[in-house]
Amino acid sequence: MWRSLFNGIRVSQWRGSHIASNRWSSHSAVHPEPPPPSSRPTKASLFFAQEVQKELTFLTGLDFERVFRKAKAGQAITAPQYRFVTDAELAKMYEEAKQKAHARLQMPPVMDERLPSNRLLEHDVGIAGYSAARIVFTDITFGVHDRERLVVVREPDGRLREAEGEERDRVNQIYFPKEGRKLASPVLFEPENLETVLRITLEEITSQPEGYTRLLDHNCLQFEPDHPTFIQTAETVYDHINAHAQYDALHSTRHFGPMVFHLVWNCRCDDLLVHFLEKDKVEEVESLLNLYSRFHPESATASASTELSGPDRLRVFIEKDAKKGPKIHSVLEKMSEKMKQNNTESSP
Amino acid sequence: MLRCFRSSISAVRVLQPSSVIHHPGHLQTSSKPSLVTKRYVFTTPKMLIPDTSANSGTQFAEEGDPRLRDIPVEISMKYMESAAYQETYGEAKVWELYRRNYANGRTYQPTRKNCIRGGKIANGNPCPICRDEYLVVDHQNLKLLNQFVSDYSGEILTSKKTGVCQHQWMKIRVELQKAKDKGLLKIDYPFVSYDYDKYRPTKQSIA
């Protein structure tokens, strides 16, 4: 029985019964998160909250053309099918397509960087010096999720600890490889190369509107959401998009929600607000302010949210919380002038 | 026999055998190994006289074959934008106008291993890359690399399709991988689905 715990390494009998014990069979390999600081909730606790998910999904939008675009994935493609269907069948197919679209718009989890728990399972001094190298034991039982797989490491000095971080990622990729994920992380994710690719993406944004999406998809494929490089890459891309106001590049993709989350969490959502205002997307502005109040419960906007809404709350946000208050104000002014002009033109 | 003859006398122009004499039994195709030797007949008696013309051995004996020059990547990238390239290839891909020759009509065989052997272009119809020294296969030369990737599916085109020799095809695949590693290729990645239950913070962590 205990052989299944070890990846084909023959362990001598004198240790067998020790390892076969169920001392840690009920142990979950999911790393416990550190307790949150006093008032501010953690990113993950906010992200997975139902209300936040609802707001982010609303902001993401749903454009079938975008979600089901022709993707060049390096695999053979099939010709499109054309069918004659009744109205009822068409309605049914539309609903099915909507379900599929929602599945494809699933947002990659927003989490804090994983922290090592440094949990020591056992320290057996008698084993010290048995091997010059660390030995990694992996439970390769089929059907266990990567994040719950039991992976432990016996150090040469006899300590038995959980495998963490890159060790776990590497081991999971060796025994249960994900297609497209590399064992060694691609050079793309190094800061200089990322900068180059972002520059090229921006230059080619009109001819290649999916540039940012591809980059973020590659990020999702290569790393876990709590990997430090994943977070670093994603945040760099979101900041680049924010700096150049290229929000449409991610609209109706799975990455729009996490981008909004990052901007609101770091109080950098002013340009996004302006973007929504210029497009007359009033509901999106409301949604954004709702998120802001939830993420920053001690802000003026949050306290104003209890009584005010709409333009009044927006005014509070501009005066008290916005970093680029004057810019948003000027955009609002232009909009109100435009509305007045339209009113005067329409009325004879 | 033909081979050792070539290596011993290098300045002599060696003619291709114009006819091969077989014994009558060899004309029927049979699976049995033939015990009959083939005899090669040369039609001219001048073969042993040293050839001192400018076209001795290779065509470019003194200066070196210009097609084998080592061109840096940057120059190759400039060439892809130049008038010379436009004149040579127009709007077509570099392999589209190339017509491959097959030995004895065997159209199923793969392309040759290498166009360049022993420091010389070893045949009369080199592959689309080897024939033009300004086409340098490098991960930075995306304009060239992207011609060997399908426009529709993003698949790497086979050497049978493009006609490049195996050596160049290996280089193309390696450089495509490098470009992909650096994020320079415009390809899409498979969708990753997350089981939110495995990522959600557990109740224990919320103190």
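Note that this is a predicted model, so its numbers are computed, not measured.

Asker: Please clarify how the overall build of chain A should be interpreted in this entry.
Answerer: Helices and strands together make up the secondary structure of chain A, namely 15 helices and 4 strands. By the burial criterion, 45% of the 348 residues in chain A qualify as buried. Intrachain contacts of chain A at a sequence separation of at least 6 include 68% that bridge at least 24 residues. When the accessible surface of chain A is totalled, it reaches about 19,600 Å², and 54% of it is carbon and sulfur.

Asker: Even after reading the chapter, I still don't get the overall build of chain B, so can you show me in this structure?
Answerer: Counting its regular elements, chain B contains 7 helices and 4 strands. A burial count over chain B gives 32% of its 207 residues as buried. Across chain B, every contact between residues at least 6 apart in sequence was considered, and the portion connecting residues at least 24 apart equals 63%.

Asker: Is there a simple way to explain the domain arrangement of chain A in this structure?
Answerer: As a measure of interface size, the accessible area lost when the parts come together is often cited. The domain boundaries assigned to chain A delineate domain 1 (120–175) and domain 2 (187–346). For domain 1 of chain A and domain 2 of chain A, the distance between their C-alpha centroids amounts to 42 Å.

Asker: Looking at this structure, how should I read the pattern of salt bridges?
Answerer: One side chain can pair with another of opposite charge once the charged atoms of both are near each other. One pass over the structure, following the stated rule, counts 33 salt bridges over all chains. What you see here is one network of salt bridges that share partners, running through Arg 114, Arg 147, Asp 169, Arg 181, Glu 224 and Asp 226 of chain A.

Asker: Whenever I open this one, the nonpolar core confuses me. Can you help?
Answerer: Across soluble globular proteins, you tend to see nonpolar side chains buried next to one another. Counting residues in hydrophobic clusters, the biggest one holds 62 residues, and the most contacted among them are Phe 256, Val 260 and Leu 288 of chain A. When residues no more than four places from it in sequence are discounted, the contact partners of Phe 256 of chain A are Leu 59, Thr 60, Tyr 247, Leu 250, His 251, Leu 272 and Phe 276 of chain A. In terms of nonpolar packing, the next biggest core, distinct from the first, is built from 26 residues, Val 137, Phe 148, Leu 176 and Leu 185 of chain B among them.

Asker: Would you mind going over helix H10 (residues 256–265) of chain A with me for this structure?
Answerer: A turn of α-helix holds 3.6 residues, and therefore any two residues three or four places apart point the same way. Residues and elements named next belong to chain A. Most of H10 is tucked away, with 10 of its 10 residues classed as buried. Residues of H10 that are buried include every one of Phe 256, Gly 257, Pro 258, Met 259, Val 260, Phe 261, His 262, Leu 263, Val 264 and Trp 265, and no others. Check the buried side of H10 and you find it contacts helix H2 (43–47), helix H3 (50–60), helix H9 (228–243), helix H11 (270–278) and helix H12 (282–295). Positioned one or two residues after H10, Cys 267 has a phi angle of 55 degrees, which is positive.

Asker: Sorry, what's going on with the state of the cysteines here?
Answerer: Such a bond, covalent and formed between the sulfur atoms of two cysteines, is termed a disulfide. Residue and element names in this part refer to chain A. Applying the stated criterion across every chain yields a total of 0 disulfides over all chains. No disulfide involves Cys 269; its sulfur sits 6.9 Å from that of Cys 267, the nearest cysteine. Judged by its relative accessible area of 2%, Cys 269 is buried.

Asker: In this structure, what is going on with the sheet that holds strand E1 (residues 120–123) of chain A? I would like to understand it.
Answerer: Within a sheet, neighbouring strands are paired by backbone hydrogen bonds and run either parallel or antiparallel to one another. Residue and element names in this part refer to chain A. Spatially, the 4 strands line up as an open sheet ordered E1-E4-E3-E2, and their pairing is antiparallel. Here the strands that pair on one side only, and so sit at the sheet edges, are E1 and strand E2 (135–138). When strand polarity is set aside, the average angle formed by the axes of neighbouring strands in this sheet is 20 degrees. Judged from the 3 bridges that link them, E1 and strand E4 (residues 159–162) form a sheet pairing that is antiparallel. The residue of E4 that forms the bridge with Glu 122 is Leu 160.

Asker: I tried to follow the interface of chain B and chain A on my own but got confused; where do I start?
Answerer: With 29 residues of chain B at the contact, the number on the chain A side is 45 residues. Taking both sides of the interface into account, the surface hidden between chain B and chain A amounts to around 3,500 Å²; carbon and sulfur atoms contribute 59%. Between the two partners, chain B and chain A, sit 4 salt bridges. Put simply, Asp 188 of chain B and Arg 69 of chain A hold a salt bridge, and the shortest N to O gap is 3.2 Å. Our enumeration of links across chain B and chain A arrives at 16 residue pairs in polar contact (both at pLDDT 80 or more). For the side of chain B that touches chain A, the secondary-structure elements that each account for two or more residues are helix H6 (166–181) and helix H7 (196–199) of chain B. Of the residues contributing to the side of chain B that touches chain A, the split by class is 12 nonpolar, 7 polar and 10 charged.

Asker: Got a minute to help me understand the packing of H12 of chain A against helix H14 (residues 310–321) of chain A in this structure?
Answerer: Any two packed helices are characterised by the angle at which their axes cross and by the distance between the axes. All names here are of chain A. The N-to-C vectors of H12 and H14 enclose an angle of 55 degrees; their axes lie 11 Å apart at closest approach. Regarding the angle of H12 to H14, the classification is oblique. Regarding H12 and H14, the two cross each other, and that crossing is left-handed. Across the interface between the two elements, Val 285, Glu 286, Leu 289, Asn 290, Tyr 292 and Ser 293 from H12 touch Gly 310, Arg 313, Leu 314, Phe 317 and Asp 321 from H14. Of the residues assigned to the contact of H12 with H14, the class counts are 5 nonpolar, 3 polar and 3 charged.

Asker: I keep staring at the environment of Glu 81 of chain B and nothing clicks. Help me out?
Answerer: Within the secondary structure layout, Glu 81 of chain B lies in the loop between helix H2 (73–80) and helix H3 (83–89). Sequence-wise, Glu 81 of chain B and Lys 143 of chain B are 62 residues apart; in three dimensions their C-alpha atoms are separated by 9.0 Å.

Asker: Explanation requested: H14 of chain A in the structure shown.
Answerer: Residue and element names in this part refer to chain A. Under the 1.5 Å per step criterion, the end-to-end length of H14 is 16 Å for 12 residues, consistent within 8% with the ideal 16 Å. The complete set of buried residues in H14 reads Gly 310, Arg 313, Leu 314, Val 316, Phe 317, Ile 318 and Asp 321. Each element contacted by the buried residues of H14 is listed here: H11, H12, helix H13 (300–305) and helix H15 (325–346).

Asker: Just to check I follow, could you spell out the pairing of E4 of chain A for this structure?
Answerer: Consecutive side chains of a regular strand alternate in pointing toward one face of the sheet and then the other. Residue and element names in this part refer to chain A. Two strands pair when backbone bridges link them, and strand E3 (residues 151–154) and E4 are joined in this way by 3 bridges, in the antiparallel orientation. Following the sheet pairing, Val 153 is matched in E4 by Arg 161. If you look at the hairpin formed by E3 and E4, you'll find 4 residues sitting between the two strands, and Gly 158 has a positive phi there, around 95 degrees.

Asker: Help me understand the packing of aromatic side chains in this model?
Answerer: Each aromatic ring pair is characterised by the separation of its centres together with the angle its planes make. All names here are of chain A. With the rule as written, the count across this model stands at 16 aromatic pairs over all chains. Note on Phe 47 and Phe 261: the rings are 6.0 Å apart at their centroids and 70 degrees apart in plane angle, and the pair reads as edge-to-face. One end of the pair, Phe 47, is in helix H2; the other, Phe 261, is in helix H10, with 214 residues separating them in the sequence. You can call Phe 261 buried: its relative accessible area is 1%.

Asker: Quick question: what am I supposed to make of a nonpolar patch on the surface here?
Answerer: Nonpolar side chains collect at one region of the surface, where Ile 140, Ile 174, Tyr 175 and Leu 183 of chain A lie side by side and expose about 350 Å² of accessible area between them. Residue position: Ile 174 of chain A is located in helix H6 (residues 166–175).

Asker: Even after reading the chapter, I still don't get the environment of Gln 166 of chain B, so can you show me in this structure?
Answerer: Residues and elements named next belong to chain B. Tracing the backbone shows Gln 166 in helix H6. Gln 166 gets classed as partly exposed once you look at its relative accessible area, which sits at 23%. In this structure, the C-alpha to C-alpha distance between Gln 166 and Lys 113, residues 53 residues apart in sequence, is 4.8 Å. With residues up to four places along the chain from it excluded, the contact list for Gln 166 reads Pro 110, Thr 111, Arg 112, Lys 113 and Ser 159.

Cut-off values and rules
Within each chain, residues carry numbers counting from 1 in the order of the written sequence. In the order they appear in the text, chains get letters beginning with A and ligands get numbers beginning with 1. The predicted origin of the model limits local features to residues at a pLDDT of at least 70 and limits the giving and counting of side-chain atom pairs to 80 or more, whereas totals for whole chains, interfaces and linings rest on all residues. Side-chain figures throughout are based on the complete set of non-hydrogen atoms in the structure, without hydrogens or water. Helix and strand definitions here come from DSSP, where helices need a minimum of 4 consecutive H or I residues and strands a minimum of 2 consecutive E residues; each element is numbered from the N-terminal end. Each residue's exposure class comes from its accessible area (1.4 Å probe, protein chains only) as a fraction of the maximum for that residue type: buried when under 20%, exposed when over 50%, partly exposed otherwise. Whether two residues are in contact is decided by their heavy atoms, any of which lying within 4.5 Å being enough. Per-residue accessibility takes into account occlusion by the displayed protein chains alone, with areas from the Shrake-Rupley method and a 1.4 Å probe. Here the limits of each domain have been adopted from an automatic or database domain assignment. Within this document, salt bridges are pairs made up of a side-chain nitrogen of Lys or Arg and a carboxyl oxygen of Asp or Glu, the two lying within 4 Å of each other. As used in this record, nonpolar core signifies buried Ala, Val, Leu, Ile, Met, Phe, Trp, Tyr and Cys residues forming a set joined through side-chain atoms within 4.5 Å. When two cysteine sulfur atoms are found within 2.5 Å, that pair is recorded as a disulfide. Here the rule is simple: two strands pair whenever DSSP picks up at least two bridges between them. Lines fitted to C-alpha atoms define the axes, with helix axes restricted to the stretch in contact, and inter-axis angles between N-to-C directions lie between 0 and 180 degrees. Buried surface area refers to the total accessible area, computed with a probe of radius 1.4 Å, that the two partners give up upon joining, counted for both partners together. For this analysis, a polar contact is any N or O atom pair within 3.5 Å, provided that within protein one partner can donate a hydrogen and the other can accept it, and provided that sequence-adjacent residues contribute only side-chain to side-chain pairs. Throughout this entry, Asp, Glu, Lys and Arg are counted as charged residues, while Ala, Val, Leu, Ile, Met, Phe, Trp, Tyr, Cys and Pro are counted as nonpolar. The remaining residues, Gly among them, count as polar. Working rule for angles: under 35 degrees goes down as roughly parallel, over 145 as roughly antiparallel, 65 to 115 as roughly perpendicular, anything else as oblique. Here is the rule for handedness: rotate from the far helix to the near one, and if that takes an anticlockwise turn smaller than a right angle the crossing is left-handed, while a clockwise turn gives right-handed. One less than the number of residues in a helix, times 1.5 Å, gives the span that helix is expected to have. Stacked, tilted and edge-to-face are the three classes applied to pairs of Phe, Tyr and Trp rings, where Trp contributes its six-membered ring and a pair requires centres within 6.5 Å; stacked means planes under 30 degrees apart, edge-to-face means over 60, and tilted covers the rest. In this analysis, a patch consists of residues with relative accessible area above 30% that form no salt bridge, clustered at 9 Å for like charges and at 5 Å for the nonpolar side chains Val, Leu, Ile, Met, Phe, Trp and Tyr.

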